[in-house]
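Examination of the molecular architecture
The chain contents come next:
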Amino acid sequence: MELVAALLLLIQRQILNGGMSHRRAETLYPLNAEHRTRDISGNGLPAGIASGVTLDKGPDGREGGAYYFSGTSSSYIEIPYHAKIDTREYYMESARVRFLFTSCAVSKNERIRLAAVAFDSRSFRGRMACLQIYNEALTLKQIRKSSGLCSEELIRPCINYTPIEDVTRAFNQTWYRLKGQQQISTQGPQSNLGLSGWMRGPHPQREIGAVERDLCFGDVRGSCQHKASVTVRHCFGYYVYKFIGLPQEHLQISVDKDVDAETLPERIFQERPRFQLTDHVFYEESNVPSPAQCVEYCLVAGEKCESLNYSSKDNGTCQLNNATASGYGHHLLANQSWAYFHPIALV
């Protein structure tokens, strides 16, 4: 039977240096079209080695949001050995399927292979996304909160960014918004004033989310003499960018000015206090100070966000839903701690 899951591989290990354990992910592999098999935890783990897998829809229904495993011995992703995953025991849970049993193991040389292993005839057929490895087992509540880590770039880049006027001052691994109605150019330099950077490929539509593009540095001849990467996200009225591999000499990056802005959609949400829509949450975030900010998250998420739940407890919790109570009335449950918000038609 095929399963769709946001996979949390919870690994409990002996910490060799005697330090205190914590609940920060040692590894974070989104396993999606944007990051492929790369780790984005910041701990410098090697990229996974993919064999016989293809990109497919993720747990939230977006194309390229997960990898599909065909259920054969040659269909797997292998994570090379690293000290951060020096394991003794491991446990597996899933944010979407309570108990998910797959062929996922730590081999003798402490590599991790997902979906198929050489010493076991069983293999997994289905989709996996969001591999996280921890240094201790998590509670069910912590698992649910951790399931949103790989979706953060759907929302947070449009909220938590650094405004910048001179792109040559940008650093790697930071989200930036260009001041004014500007965006990085997708055309090569038009004048012979030295090397200048441009983005290869168009800016994405908002519904696609964050995408990775090549950032090419060259001259008027159009040749790419140096390459970097830029992740770009379309928000309402502006784009945000995150760079990887920028040259140390801070080369010029071409920008287009006076770009037409997209206005916020005219959507009004009506509150239904003391109710919560269950079983349709695709994104959850804590420390959201007000329902207004939760509504803003929903607008940024686009059409996939059809309604939301908000609780003021624990510094504010925002849940985005991919459905409304009009179609799933039996999932709208009374809950004193929550309020359900749904869009209403404008007249």
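In this convention, every chain numbers its residues from 1, walking through the sequence in written order. Note on the predicted model: pLDDT of at least 70 is required for a residue's local features to be given, and 80 or more for side-chain atom pairs to be given and counted; whole-chain, interface and lining totals, by contrast, use all residues. Here the side-chain values reflect all heavy atoms present in the structure, with hydrogen atoms and water set aside.

Helix and strand assignments follow DSSP, with helices taken as H or I runs no shorter than four residues and strands as E runs no shorter than two, numbered in order from the N terminus. Locating R233 in the fold gives a position in strand 19 (residues 226-234). Partly exposed describes any residue whose relative accessible area lies between the buried limit of under 20% and the exposed limit of over 50%, with all areas from a 1.4 Å probe on protein chains only and scaled to the type maximum. In this structure R233 comes out as buried when scored by relative accessible area, which is 0%. Residues adjacent in sequence count toward polar contacts only when both atoms are side-chain atoms; beyond that, a polar contact is any pair of N or O atoms within 3.5 Å, and within protein one must be able to donate a hydrogen and the other to accept it. There is a polar contact of 3.2 Å between the side chain of R233 and the backbone oxygen of V300.

Turning our eyes to something else, we now look at the sheet that holds strand 25 (residues 307-311). In this description, strands pair whenever DSSP reports at least two bridges between them. An order of 23-27-25-26-24 is seen for the 5 strands of this open sheet, with the pairing classed as antiparallel. If you trace the sheet from one side to the other, it starts and ends with strand 23 (268-277) and strand 24 (281-286), each paired once. On average, each strand axis in the sheet is tilted by 20° relative to the strand beside it, whichever way the strands run. Here 9 bridges tie strand 23 to strand 27 (residues 332-344), and the two strands are oriented antiparallel to one another. In the sheet register, P273 faces strand 27, and the bridge partner there is A339. Simply put, an axis is a line fit to the C-alpha atoms, just over the touching stretch for a helix, and the angle between two N-to-C directions goes from 0 to 180 degrees.

Another point: the state of the cysteines. To count as a disulfide, a pair of cysteine sulfur atoms needs to be within 2.5 Å. For the structure on display, the rule yields 4 disulfides. The disulfide that involves C158 links it to C235, with 1.9 Å between the sulfurs. Measuring handedness by torsion sign, the sulfur bridge of C158 and C235 sits at about -85° and is left-handed. Placement of the pair is C158 in the loop between helix 2 (152-155) and strand 14 (162-164) and C235 in the loop between strand 19 and strand 20 (239-244), with a sequence separation of 77 residues. An identical accessibility class is assigned to C158 and C235; each is buried.

If you walk across this open sheet you meet the 7 strands as 14-15-20-19-18-17-21, and the pairing is mixed. Looking at which strands have only one partner, the edges of the open sheet turn out to be strand 14 and strand 21 (252-253). For strand 17 (residues 196-200) and strand 21, the ladder comprises 2 bridges, and the chain directions are parallel. Following the sheet pairing, S196 is matched in strand 21 by Q252.

Looking now at the pairing of strand 17. Within strand 17, 4 of the 5 residues are buried, leaving the element largely enclosed by the surrounding structure. Strand direction decides the pairing type here: strand 17 and strand 18 (residues 211-218), joined by 5 bridges, are antiparallel. Residue W198 lies in a different strand from strand 18, and its bridge partner there is C216.

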